[in-house]
Number of protein chains: 2
Amino acid sequence: MELITWIIPAAGLIAVAFALYLARDVMSRDTGTPEMVAVGDTIREGADAFVKRQYTTIAMLALVGAVVIGVVIALVETADVADVPSLAGGPIGIMTAIAFLVGAACSMASGIIGMFISVRSNVRTASAARRSLVEAVQVAMRGGAVSGFLVVALSLLGVWGIFTVYEAVVGEVTVAQAPFLIVGFGFGASFVALFAQLGGGIYTKAADVGSDLVGKVEAGIPEDDPRNAGVVADLVGDNVGDCAGRGADLFESTAAENIGAMILGVAVFTIASTAGWPHPELWIFFPLVVRAFGLLATIVAMFFIRGSETEDPMNILNRGYWVTTILSVGGLAISTYLMMDTAGTTANGLPVWLWFFFAGLVGLATSVVFVYITQYYTAGTYRPVREIAEASRTGPATNIISGTAVGFETTFVTAISIGVALIASHWLGSMAGLENAEGVNVGGIFGTAVATMGMLMTCAYILAMDTFGPITDNAGGVAEFSRSESHTREITDRLDAVGNTTKALTKGYAIASASLAAFLLFSAYIDKVNLIQTNRGGELLTAVNLADVGVFVAALIGAMLAYFFSSLAIRAVGKTAQSIIVEVRRQFREMPGIMDYSQRPDYARVVDITTRAALREMVAPGLVAVVTPIVVGLLLGYQAVAGLLMVGTIAGVLLATVLNNGGGAWDNAKKYIESGNLKDEHGNPIGKKTDAHAAAVVGDTVGDPFKDTAGPSLHVLVKLLATITLVLAPLFIR
Amino acid sequence: MELITWIIPAAGLIAVAFALYLARDVMSRDTGTPEMVAVGDTIREGADAFVKRQYTTIAMLALVGAVVIGVVIALVETADVADVPSLAGGPIGIMTAIAFLVGAACSMASGIIGMFISVRSNVRTASAARRSLVEAVQVAMRGGAVSGFLVVALSLLGVWGIFTVYEAVVGEVTVAQAPFLIVGFGFGASFVALFAQLGGGIYTKAADVGSDLVGKVEAGIPEDDPRNAGVVADLVGDNVGDCAGRGADLFESTAAENIGAMILGVAVFTIASTAGWPHPELWIFFPLVVRAFGLLATIVAMFFIRGSETEDPMNILNRGYWVTTILSVGGLAISTYLMMDTAGTTANGLPVWLWFFFAGLVGLATSVVFVYITQYYTAGTYRPVREIAEASRTGPATNIISGTAVGFETTFVTAISIGVALIASHWLGSMAGLENAEGVNVGGIFGTAVATMGMLMTCAYILAMDTFGPITDNAGGVAEFSRSESHTREITDRLDAVGNTTKALTKGYAIASASLAAFLLFSAYIDKVNLIQTNRGGELLTAVNLADVGVFVAALIGAMLAYFFSSLAIRAVGKTAQSIIVEVRRQFREMPGIMDYSQRPDYARVVDITTRAALREMVAPGLVAVVTPIVVGLLLGYQAVAGLLMVGTIAGVLLATVLNNGGGAWDNAKKYIESGNLKDEHGNPIGKKTDAHAAAVVGDTVGDPFKDTAGPSLHVLVKLLATITLVLAPLFIR
C-alpha cells in the first residue's frame, strides 16, 4: 500500500493544474465597461507596486534569515546534538537554510500568484454582476480558489518535495530522521507569513482609516469617492490583507502543522517497525496523504458552486463547503483504513485505524463548529450584534463597552470547543493502544495530530471563500467608481456582505487550527529536545513544569507578548495612517482640480507611500516576535521556552479571538443599523446619518485594526513561536 | 527570641487603637456649613443603605458558603488525606467552616467600619478645605488611614488569632499543621472580597454611567448637578468601590498571602527542627512578624503627613510613603536578623538571614516600581496619556484605538518587573542553601514568600492613600453641591486629582501583590496536595506538566475565565445602569419641580434600586468564578487545577493591568484636555466643549467599567482561584 503516498504529489500537481485552469477561466471573462477597466487597472497597478516592494523586502529579509539560521544551526548542531550526527555542523546548517528558503519561496509564490489573480478577478466579478448573481459568485469564487489551491498545493508539494529529497537523495538520512530536518521549511513559511500578514494588515487598515479620516471627516466627501487619493490604496489593501496575508497565514498553518504531525508520526513509526507491521513509514506520510485527499475533495466541490439567482449567495458557498466536508470524511476513512489497518485491532476489538478515523472526524467537526461560532458572534441575525446595535442608541461609549463585552465573551465557547476537541482526539488516539518501548502511550498525541490534519482537509476551500472577500469587496468598489447601474451595485453589495462573513469565518478557522497546532507543535518541540538530549546523554524533558519559577516567568512573558505585539501592531496602523493623511491633504491642497473632477488624484503615490510606511512599521512588532523567544530561551533555558510557547499560544489565541470577533461584531452592528434593523420608539428604522449610526461607525473604526491587523497577526505570531523554537531548540540546551 | 512573636498581636492592637484615635480625631472636626452637612447626610444615608443591604447579602452568602465548605471538607478530609488525621471528617470540617466565617467576618468588619469613617470624612475634608490645603489633606488621609489600619490589623489579628487558637487550644495540632488548617480564613476573605468588589464595582460604575447618561446626555444638565437623582448614588459609589471594594481586595491579599507564606514556612521549619536550630517555629511566624513591623512603620509615617500650603499635595502623601518604605526596610532587617540568625551562615560565608533580607528588599522595591509604572502610564505628564489626548483630535475612534494600544503596552513592563522580582527573590532565597531531607532546596520558594511579605509591609499606607481617593472625590462633590466659594472648590479639585492618582497606584500595587502571591499560593497548593498524597501513599505532584493535555486544556480555560468573567462584569454595569436611567427618568417625569429646584429628587430610592440591581447582577460573574475551578477540578483532576490556577493568574493579572491602566490613561487624557494642555495649530488650548474633548469623554466613559469594575474584580478572581483550590484540594484528588 505504499503506492498511496503517490497521491501526495499527484493531488498537489492536479490542484496546481486545476488552479491554472481556474485562472485561465477567470482571465477569459470580459472586463466590463471601459470605466470598469480603468478602475481595475488602477487597483491592479497599485497592487503590483505593493507586491513588488513588499515581496522584495520580504525576500531580502528571508535571505538574511536563511544565512543567520544556517550559521546558527551549523554552530549549535554539533555531532552530539544533531538529528543525523554524520551531517552535524555545516551540512545540517545548509540543509536547514535551504529548507527555510524553499518554505519562504513557496509561501511567497502562492501569495504573489494569488494576488495576481485576485486583482484581476475583481473587475471581472463586477462585470459579471451586470448580468447575473450566480455568475458573479462563480467568478469571485474561482478567483479566490486559485489562491486556495495554490497555497495548499504548494505547501503540500513543498513539504513532500523537501522531505523526499532529504530522505532519498542524502544517503545517511532515514525516513525517521527526515521530519526533523525539514522544520526549516515551516520556519521559512512562518517567517514570510509574519511579515506578509503584519505588513499587509498594517497596510490595509492604515489605508482604510487614513483615507476615511482625510476624506469623510476632513474633506466631507463620501467613502470610496474617486476624488480621494487614498481610496485606491484602500481597495488594494483589501487584497493585501485578506488574500496575501491570510494566504501566508494558512500556508504556514498547513506547512508547520504538517511537519509537526510527521514528527509525531515518527514515534508511531518506531512502534510499527519494532512490531514488524508492513510499511511503517506510512505513519510518517499519513498527514500528507490526508491533506492530499482534502485537496481532491475541494476540487470536486468547486463544481457544486451553482444555484439560482434568488438564492442567498452564502447558501451557494455553504453548499460547496458541505461537499468538501462530506468528501473529506470519505477521504479520511480511506486514508486511515488503507494506511493504518496494518496495526490490527485494539484490546477492545475495534481496529486501530477506526480510532484515528474518529480523531480525524473530531478535527473536521471542530472546523464546522468554528464556522458556526463565528457566524453567531458576528452576524446580525443573533444576539451579540443586536446587543451592540442597541447599545449604539446611547452613543459611542456604550457601543464600545458592549462590543468589548461581546469580544471577551467569545473566548468562552472558543476555549471550550478547543478543549473538547483536544481532549476528545487525545482520548480517541490513546484508545488505539500504541505503546512505545518505554510503555508510553503515544497514540493520544498522534490522535490530536490526526484531528489537526482532519481540520486542515478543508483548508483550500476555506481559503477560496476568504479570498472571495476582497474580490467582491473590490468588485463593489469598481462598480461604485465606474458609476454602474443600481442593479449591478445591488448584486455587488450583496456579495460584499457575504464576503465579510466569509472573511470572518476564515479567521475563526485559522484560530482553531492554530490552537490545535499549538499542542501538536509543542509536542514536536519536546520530541526534538529529547532527541538532542538522548544524543547528548542529558536528562529527558518529561514535563514542562509550571511550578518552576523560570517556566512560570517565561509563561508570563509569553502571555504578555500577545498584548505587547498587538499594541505595536495597532500603533503601527495609526502611524502609517498618518502618512496617508499628510499625502492626501497635500494633493487636495496642491491639485485644486481634484474636487471638481477636472484633475485625477495621484493614486499610485499614495499606494507607494503607504507601502513604504507599512513596511517600515512592521519591523518593530516583527522583531519583538522573533527576538523574544530567543532571548527567553538563552536566558531561561529550553524548558522555559516550552512554557513561553504554550502559554503564549493560549494567550495569543484568546486575544486574537477577542479582537477578530469583537471587530467583526462591531462591523456588522454598523451594517445592521444601516440596513434599517434598529427601530425607534415608533417602529421606524434608525438608519444612516443618525447618532446611533455615528456611534456604530466609531465601533466599526475601532474594530478595523483589531480584526484586520492585530488579530490575524496574532495567528502568525503563535505559529512563529512554535517553529522558531523548534528550529532553534539546540540553542537553548546547555 | 520567641518573644518577638508577641509583636504580632501587639502591633495589631496598637494599629486598631491608632485607627480608633484617628477616627475620633476625624469625627471631632467641624462639618462645615449647614449646606455641607445636608449633602454629607444624604451621601451617608445612601452609603448606610448600601452597606446594610450589601453586607446582609454577603453575610448570608458567607453563611451558606461556610456550611457548604464545612460539609464538603467533612466528607472529603477523611483520615487518609486529612492534615491532622485525628481530626478527620467532622472536626476538620467544622474548623474550616469556622476559619471561613472568621475570615469573612473580619473582612466585612473592616469594610463596614472603613465605609463608616469614609462617608464621614468627606464632609469634614470639604470643610477643612475652606481653611487650608494641608488640613484637608490631613483629614482625608486620616479618614483613609482608618480603613488602611483596620484592614491590615484585622487580617493580621485574624490570622494570628485563629492560628494560635487552633494550635494552642486543639491539643493534637502541631505548629507545622496549623497553617494548613487556617486556609479557610483566606477563603472566607476571598469570598467576601469577590462579592464586595464585584457588587461595589458594578454599583459604582453603573451609578456613574447611568446618572451621566440620563443627566448630561438626556436632560442636558451638568455632571454632578443636584437635580439629577442619580448623583448621590454616584457619590456613594465612589466609597463603595474604592473604600469597601479595594479594602476587601487587600484584606484578602494580606490574609491569603500570609497563610500561603506560613505554609511554605513549614518546609523550612522541618529543616530547622531536624538541624536542631532553636525555635524552629519562628520560620512559620516570620510572615506575621514582618507585617507587624510594616504596620508599626505606617503608624510612624502618619506623623509625617504635613507640608506647606503651596506644596503639591501628592508630595505630602509621597513623603509618608517613603517614610513607611524606609522604616519597613529597618523592620525587615530586624525581623530577618532576629528570627533567622539561628540558621547560621551559608557555604559562601554570608549569614542565611541576609539572603532573605535581600529577598524582602526585592518585594519592597517591586512595590515602589509599580507605584512609578502606574504613574508613568496614567499621569498626564508622560507620553502615553499625551498620545491618547493627541489621538482625540481625530475623534472617539482614534482615542479608543490609542487607549487600547496603551493598555496593551502596559503589560510589557508589568510582566518584566514581576518576572525579575520572582526570579531575583527565588535566586536570593535559594542562595540561603536550605535543603530538605530529599535534597530539595526550599529556600527559593521561601524567598518569593519573603518578597511578597516585604511588598505587603506598606499595605496599610497604600490603602490609606486609596481611601483618600473617594473621600476627596466626595469632598469635591460636597463642595459642588453646597455651592461653596471658589477657593474651597479649587482645593477640593486639586485633592480630587491627587486622589485619582492614588487610586490608580493602589490598583498597580494590588496587581503586583496578586502576581507575587500567585506563585506563593500555587506552591502552597502543591504542598497541600503532597501532604494529602503522602498521607494516602499516592504519587507526589512534582511537576505541573503543561504538556499533559488535561493541564493544557485547564490552562486554556483559566485564561479564558479572565475574559469571560470580565465580560459578565462589564455587562452587569450596563444592565444596572439601565435600572438607574429608568428611575431617574421617572423622577424627572413625575416630579416636575425637580428641574426648577422646587422639588428635591428622591436620592435614596435611586441608591436603593442601584444597590439591589448591583447585587442581582453580581451573581452571574460570582458564580462563574466559584464554580469554574471546582468543575475543572472534578473533571480533570488536581494537576489540571494547578494549570488553571497558574495560567488563570497570568491571564487575570495581565488583563487587569490592561483594563486598569487603559482606563486610568483615558481618564487622565480627558483631564489633560480639560486642563488646556492640548493646543490647536495656533497654540491656543483646546479645552472643554470641543470635539477633541467629546472624544476624550467617550474614552473616559469606556474606561470606567474597565478600571473600576472588571479590572479590580480580576484581582479578586485571581486570589479566589488560589484560595478555593487550596481549600478544596482533597476534592480533586481521586
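Position numbers for residues start from 1 in each chain and track the written sequence from start to end. Ligands are numbered from 1 and chains lettered from A, in the order in which they are written. In keeping with the model being predicted, local features are shown solely for residues with a pLDDT of at least 70 and side-chain atom pairs are shown and tallied solely at 80 or more, while totals for entire chains, interfaces and linings include all residues. Side-chain descriptors were evaluated using all non-hydrogen atoms of the structure, hydrogens and water having been removed beforehand.

Engineer: Looking at this model, I keep getting lost on the overall build of chain A. Mind explaining?
Structural biologist: If you tally the helices and strands in chain A, you get 20 helices and zero strands. All radius of gyration figures rest on C-alpha atoms, and the globule criterion is 2.2 Å times the number of residues raised to 0.38. For 734 residues, the compact-globule formula gives about 27 Å, and the C-alpha radius of gyration of chain A, at 25 Å, lands near that figure. Summarising its shape, the C-alpha atoms of chain A cover approximately 80 × 50 × 50 Å along the three principal directions. Burial classes follow relative accessibility: with a 1.4 Å probe on protein chains only, a residue under 20% of its type's maximum area counts as buried, one over 50% as exposed, and anything between as partly exposed. Here chain A holds 734 residues, and the buried ones make up 69% of them. In chain A, of all internal contacts separated by at least 6 residues, the share reaching a separation of at least 24 is 83%. Approximately 21700 Å² of chain A is accessible, and the part contributed by carbon and sulfur atoms is 63%. If the 44 positive side-chain charges of chain A are averaged to one point and the 59 negative ones to another, these points end up 6 Å apart. A run of H or I in DSSP counts as a helix once it spans at least four residues, and a run of E counts as a strand once it spans at least two, with each numbered from the N terminus. Contacts are residue-level and defined by heavy atoms, with any inter-residue pair within 4.5 Å sufficient. The Shrake-Rupley method, run with a 1.4 Å probe sphere, supplies the accessible areas, and residue values consider only the shown protein chains as cover. In this tally, Lys and Arg are treated as positive and Asp and Glu as negative; His is ignored, and so are the chain termini. To locate a charge, take NZ of a lysine, CZ of an arginine, CG of an aspartate or CD of a glutamate.

Engineer: What exactly am I supposed to notice about the relation of the copies chain B and chain A here?
Structural biologist: A rotation about some axis, followed by a shift along it, carries one copy of the chain onto the other. Copy-to-copy superposition: least squares on the C-alpha atoms, limited to residues that have pLDDT of at least 70 in both copies. Overlaying chain B on chain A yields an RMSD of 0.0 Å, the required transformation being a rotation through 180 degrees with an accompanying axial translation of 0.0 Å. In the structure described here, the two chain copies are related by an operation that fits a two-fold rotation axis. Ranked by how close their C-alpha atoms come to the rotation axis, the residues of chain B are headed by Asn545(B), at 2.5 Å.

Engineer: Any chance you could explain helix α4 (residues 133-169) of chain A here in plain terms?
Structural biologist: An α-helical turn contains 3.6 residues, so any two residues separated by three or four positions project in the same direction. All names here are of chain A. Every helix has an expected span of 1.5 Å times one less than the residues it contains. In this model, α4 (37 residues) spans 52 Å end to end at C-alpha, consistent with the 54 Å of a helix rising 1.5 Å per residue. Most of α4 sits out of view: 31 of its 37 residues are buried. Sitting at the head of α4, Ser132 places a side-chain oxygen 3.2 Å from the backbone nitrogen of Val134. The definition of a polar contact used here is a pair of N or O atoms within 3.5 Å, where within protein one atom must be able to donate a hydrogen and the other to accept one, and adjacent residues in sequence count solely through side-chain atom pairs.

Engineer: Can you help me understand the environment of Ala696(B) in this one?
Structural biologist: Residue and element names in this part refer to chain B. Relative to the helices and strands, Ala696 is located in helix α20 (residues 691-732). Classification of Ala696 as buried rests on a relative accessible area of 0%. A C-alpha to C-alpha distance of 30 Å links Ala696 and Ile609, two positions 87 residues apart in sequence.

Engineer: Could you clarify how one ought to interpret the pattern of salt bridges in this entry?
Structural biologist: All names here are of chain A. Within this document, salt bridges are pairs made up of a side-chain nitrogen of Lys or Arg and a carboxyl oxygen of Asp or Glu, the two lying within 4 Å of each other. One pass over the structure, following the stated rule, counts 65 salt bridges over all chains. Note that Asp667 and Lys707 form a salt bridge whose closest N and O atoms lie 3.6 Å from each other. Of this pair, Asp667 sits in helix α19 (residues 638-674) while Lys707 sits in helix α20 (residues 691-732), placing them 40 residues apart in sequence. Judged by relative accessible area, Lys707 falls into the buried class, the value being 8%. A cluster of three or more residues bridged by salt bridges with shared partners is formed by Lys205, Asp208, Lys507, Asp667, Lys671, Asp704, Lys707 and Asp708.

Engineer: I'm lost on the confidence of the model for chain A in this one. Help?
Structural biologist: The pLDDT averaged across chain A works out to 88; a share of 100% of its residues lies at or above 70. The complex model carries a pTM of 0.93, and its ipTM stands at 0.92. Confidence of the predictor at the level of single residues is given by pLDDT, which spans 0 to 100.

Engineer: Even after reading the chapter, I still don't get the packing of helix α12 (residues 396-431) of chain A against helix α13 (residues 443-456) of chain A, so can you show me in this structure?
Structural biologist: Each packed pair of helices is defined by two parameters, the angle between the axes and the distance between the axes. All names here are of chain A. Axis lines are fitted through C-alpha atoms, for helices just across the contact stretch, and the angle between N-to-C directions can take any value from 0 to 180 degrees. At their nearest, the axes of α12 and α13 sit 6 Å apart, and the two run at 125 degrees to each other. One element, α12, and the other, α13, form an angle in the oblique class. For the element pair α12 and α13, the recorded crossing hand is right-handed. From α12, Leu422, Ser425, His426, Gly429 and Ser430 reach across to α13, where they touch Gly443, Gly444, Ile445, Gly447, Thr448 and Ala451. Counted by class, the contact of α12 with α13 contains three nonpolar, eight polar and no charged residues. Working definition: roughly parallel below 35 degrees, roughly antiparallel above 145 degrees, roughly perpendicular at 65 to 115 degrees, and oblique for all remaining angles. A clockwise turn of the near helix away from the far one marks a right-handed crossing, whereas an anticlockwise turn of less than a right angle marks a left-handed crossing. Residue type decides the class: Asp, Glu, Lys and Arg count as charged, Ala, Val, Leu, Ile, Met, Phe, Trp, Tyr, Cys and Pro as nonpolar, and the leftover types, Gly among them, as polar.

Engineer: Explanation requested: the interface of chain B and chain A in the structure shown.
Structural biologist: Interface extent is often summarised as the accessible area lost during association of the parts. With 60 residues of chain B at the interface, the matching set in chain A holds 60 residues. In this assembly, chain B packs against chain A so that about 5600 Å² is buried in total across both faces, 84% of it on carbon and sulfur atoms. Two parts placed together each lose some accessible area; with a 1.4 Å probe, that loss summed over both constitutes the buried area. A per-residue breakdown of the area chain B buries against chain A is headed by Phe408(B), Phe552(B) and Tyr563(B), which together make up 13% of the total. Between Glu409(A) and Arg571(B) there is a salt bridge; the shortest N-O distance is 2.7 Å. Linking chain B to chain A there are eleven residue pairs in polar contact (both at pLDDT 80 or more). Counting residues per element, the side of chain B that touches chain A draws most heavily on helix α12 (residues 396-431) of chain B, which supplies 19 residues. In terms of residue class, the side of chain B that touches chain A is built from 43 nonpolar, twelve polar and five charged.

Engineer: Even after reading the chapter, I still don't get unusual backbone geometry, so can you show me in this structure?
Structural biologist: For residues besides glycine, phi is generally negative; the peptide bonds are generally trans as well. A positive phi angle, near 60 degrees, is found at Lys689(A), a position not held by glycine. Summarising the element assignment, Lys689(A) is placed in the loop between α19 and α20. By relative accessible area, which is 84% here, Lys689(A) ends up exposed. One non-glycine residue, His279(B), lies in positive phi territory at about 50 degrees. Mapped onto the secondary structure, His279(B) falls in the loop between α7 (231-275) and α8 (282-301). Take His279(B): its relative accessible area is 30%, and that puts it in the partly exposed class.

Engineer: Before we go on, may I ask you to explain the environment of Phe358(B) in this structure?
Structural biologist: Position of Phe358(B) relative to the elements: it lies in helix α10 (residues 352-378). A relative accessible area of 32% means that Phe358(B) is categorised as partly exposed.

Engineer: I keep staring at empty space enclosed by the protein and nothing clicks. Help me out?
Structural biologist: In this approach a probe as big as a water molecule rolls over the atoms, and the regions it shows empty are the leftover space. In this analysis, the protein atoms alone were mapped onto a 1 Å grid. Cavities are point sets where a 1.4 Å probe fits without being able to get out; pockets are open sets with protein on both sides within 12 Å along at least five of seven lines; lining residues have an atom within 4 Å of a point. Grid points are joined across faces, edges and corners, and a volume is the space filled by probe spheres set on the points. Here the structure, examined in full by the defined rule, presents 13 cavities of 30 Å³ or more. Estimated volume of the largest cavity: approximately 270 Å³. Around the largest cavity sit 26 residues that line it, and Thr404(A), Phe408(A), Phe706(A), Thr404(B) and Phe408(B) are the ones nearest its centre. For the lining of the largest cavity, the secondary-structure elements that each account for two or more residues are α12, α19 and α20 of chain A together with α12, α19 (638-674) and α20 of chain B.

Engineer: I keep staring at the packing of helix α9 (residues 313-340) of chain A against helix α10 (residues 352-378) of chain A and nothing clicks. Help me out?
Structural biologist: Residues and elements named next belong to chain A. Contact pair α9 / α10: the axes reach a minimum separation of 8 Å and the direction vectors enclose 165 degrees. Taken together, the axis directions place α9 and α10 in an arrangement best described as roughly antiparallel. Between α9 and α10 the crossing geometry is right-handed. Seen from α9, the contacting residues are Met314, Tyr321, Trp322, Thr325, Ser328, Val329, Leu332, Ala333, Thr336, Tyr337 and Met340; seen from α10, they are Trp353, Phe356, Phe357, Gly360, Leu361, Leu364, Ser367, Val368, Val371, Tyr372 and Gln375. Here the contact of α9 with α10 is composed, by residue class, of 16 nonpolar, six polar and no charged.

Engineer: Teacher, can you tell me more about the packing of aromatic side chains here?
Structural biologist: How two aromatic rings sit relative to each other is set out by the distance from centre to centre and by the angle between their planes. Any two of the Phe, Tyr and Trp rings considered here, Trp counted by its six-membered ring, make a pair once their centres fall within 6.5 Å; the pair's planes then place it as stacked at under 30 degrees, edge-to-face at over 60, or tilted in between. Applying the stated criterion to the full structure yields 56 aromatic pairs over all chains. Between Phe357(B) and Phe358(B), the ring centres sit 5.9 Å apart and the planes meet at 45 degrees, which makes this aromatic pair tilted. Three or more aromatic residues joined by ring pairs form one cluster here, namely Trp277(A), Trp283(A), Phe286(A), Phe356(A) and Phe446(A). Sitting over the face of the ring of Tyr597(A), Arg483(A) holds its NZ or CZ atom 5.2 Å from the ring centroid. Think of it as a cone above the ring: NZ of Lys or CZ of Arg counts as a charge over the ring if it is within 6 Å of the ring centre and within 35 degrees of the ring normal.

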